[in-house]
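This is what each chain is made of:
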Amino acid sequence: MNPYFSVVIPLYNKELEITNTISSVLAQTFTDFEVIVINDGSTDNSLSQVEKCSDQRIKVFTTENKGVSHARNFGVKNATSQFIAFLDADDLWKPHHLKDLKLLFETYPNCGMYCKAYEKRYLNQFVVKASFKHIEKGFQGIVPDYFKNSLIDSIAWTSATAIPKTMLDTYGDFDESLKSGQDTDLWIRIALKEPIAFSNSISATRLFSASNNHLSQSSNVKQRVKIIERYQHLETENKSLKQYLDNNRFSIAIERKLNDDLISYRNLVDHIDPTSLNSKQKIVLKLSPFWIKTSKKLQRFLIKNKLYLSAFR
């Protein structure tokens, strides 16, 4: 009999984190699952760390380094379950995560995605709960408006999301041509057509180290712009999608200004409807590069002192 869940973990050079990640899976109170680890051509000791985890539910595949999208897609193709739970190699689950997803699936069986709330842990000491616009504490059900509800933190975050395999067959898998934002692209495709189930109880942890945090924008700017352009033709018909894409334009525009790419900055800003942004975002958008850099330094300082400020809140 096939397991209830297939847990897909792409792995590339996470020798310091992967043991804890897998341990958080093996500690689940709901135990009917398989774990598919795709070693994406790691050059460190990641693979040997996985091989130390002796559990018959773990299956390990090694491929050439082709990126996280290929690794996830490869894992899905080798999954025996019809319900795929994703987990990145440096994130953690709380013991009730799969149990919660199972309940969510059984309560709302005809959804495109099943998402759990999560927390963000900075420097392994300061924890911030993800915040979702117009979603009340204790909410469980079909989200009213995926794009509007994702304006602060995203309803769907890869390590807290599970998808029926049939949805991937219908809407396609992770786009391997993209080097950044592949998950966002897939979430948009599904959310445009299907209801999204969500539970606002935290069951996953996203870890941010000093070298890996969302305060440093991705270098794959063209990829992120490509995603926006892919869906902007739908903006006039979907005001929530417009606001969601404008918030992404805001983030990329700030990054472009910091890199003195004022042509791209202006092009992005010209496509933003001012009503899509909150007052803090409007102020940040007008700041000079010097003051943006200063505000980011202040943000990092506050995080080290266990305070969290964001333009999105």
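Residues numbered from 1 in each chain as written. Predicted model: local features only at pLDDT ≥ 70, side-chain atom pairs only at ≥ 80, totals over all residues. Heavy atoms only, no water.

Q: Help me understand the overall build of the chain, please; the structure alone is not making it clear to me.
A: Across its full length, the chain carries 12 helices and 10 strands. The C-alpha radius of gyration computed for the chain amounts to 19 Å, which stays within 12% of the reference 20 Å derived for 313 residues, consistent with globular compactness. Projected onto its principal axes, the C-alpha coordinates of the chain cover approximately 55 × 40 × 35 Å. Counting the 313 residues in the chain, one finds 51% classified as buried. Partitioning the contacts of the chain with sequence separation of at least 6, the portion at a separation of at least 24 is 76%. Of the roughly 14,900 Å² that the chain leaves accessible, carbon and sulfur atoms contribute 51%. The average position of the 42 basic charges and that of the 34 acidic charges among the side chains of the chain differ by 7 Å. (Helix = DSSP H or I, 4+ residues; strand = E, 2+ residues; numbered from the N terminus. Rg over C-alpha atoms; globule rule 2.2 N^0.38 Å. Buried < 20%, exposed > 50% of the residue type's maximum accessible area, 1.4 Å probe, protein only. Contact = heavy atoms within 4.5 Å. Areas by Shrake-Rupley, 256 points an atom, 1.4 Å probe, with all protein chains shown as cover. Lys, Arg positive; Asp, Glu negative; His and termini not counted. Charge placed at Lys NZ, Arg CZ, Asp CG, Glu CD.)

Q: What is the right way to look at the pairing of strand β2 (residues 33-40) in this model?
A: Within a regular strand, side chains alternate between the sheet's two faces. Among the eight residues of β2, eight are classified as buried, and the element is accordingly described as predominantly covered. Taking every second residue as pointing to the same face, both faces of β2 are buried, with F33, V35, V37 and N39 on one and E34, I36, I38 and D40 on the other. Pairing analysis gives seven bridges linking strand β1 (residues 5-11) to β2, with the strands arranged parallel. Of the residues in β2, the one forming a bridge with P10 is I38. Note that the unit made of β1, helix α1 (residues 18-26) and β2 has a crossover that is right-handed. For β2 and strand β3 (residues 58-63), the ladder comprises six bridges, and the chain directions are parallel. Each residue of the ladder has a partner; that of V35, found in β3, is I58. You can see the chain leave β2, run along helix α2 (residues 46-51) and come back into β3, and the turn it takes is right-handed. (Pairing = 2+ DSSP bridges. Right-handed = clockwise from strand over helix to strand, strands pointing away.)

Q: Would you take a moment to explain unusual backbone geometry for this structure?
A: Most peptide bonds take the trans configuration, and most residues that are not glycine carry a negative phi. Not every positive phi belongs to a glycine, and N13 is a case in point at roughly 50°. With respect to the helices and strands, N13 occurs in the loop between β1 and α1. The class of N13 is partly exposed, set by a relative accessible area of 26%. Non-glycine residue D260 carries a positive phi angle of around 60°. Position of D260 relative to the elements: it lies in the loop between α9 (239-258) and α10 (262-270).

Q: I tried to follow the pairing of strand β10 (residues 196-208) on my own but got confused; where do I start?
A: Taken together, the two bridges between strand β5 (residues 92-93) and β10 define a ladder with antiparallel strand orientation. Note that in β10 the partner of W93 across the bridge is A204. With 10 bridges connecting them, strand β6 (residues 113-122) and β10 associate as parallel partners. Its bridge partner being in β10, E119 is matched across the sheet by T205.

Q: Explanation requested: the state of the cysteines in the structure shown.
A: Put plainly, a disulfide is one covalent bond tying together the sulfur atoms of two cysteines. Using the criterion set out here, one finds zero disulfides in the structure. Lacking any disulfide linkage, C111 is separated from the closest cysteine sulfur, that of C115, by 9.4 Å. Residue C111 is classed as buried on the basis of its relative accessible area of 4%. (Disulfide = S-S within 2.5 Å.)

Q: Looking at this structure, how should I read helix α3 (residues 68-77)?
A: In an α-helix, one turn spans 3.6 residues; hence positions three or four apart end up facing the same way. Extensive coverage of α3 is indicated by the burial of seven of its 10 residues. Of the positions making up α3, those classed as buried are S69, H70, A71, R72, N73, G75 and V76. Of the surrounding secondary structure, the elements contacted by the buried residues of α3 are β1, β2, β3, β4 (83-86), α6 (165-171) and α7 (182-191).

Q: Would you mind showing me how to read the pattern of salt bridges here?
A: It is possible for side chains bearing opposite charge to pair when their charged atoms get close. Evaluation of the coordinates by the stated rule reveals 19 salt bridges. In the salt-bridge network here, residues are joined through shared partners; they are D175, D185, R189 and R230. (Salt bridge = Lys/Arg side-chain N within 4 Å of Asp/Glu carboxyl O.)

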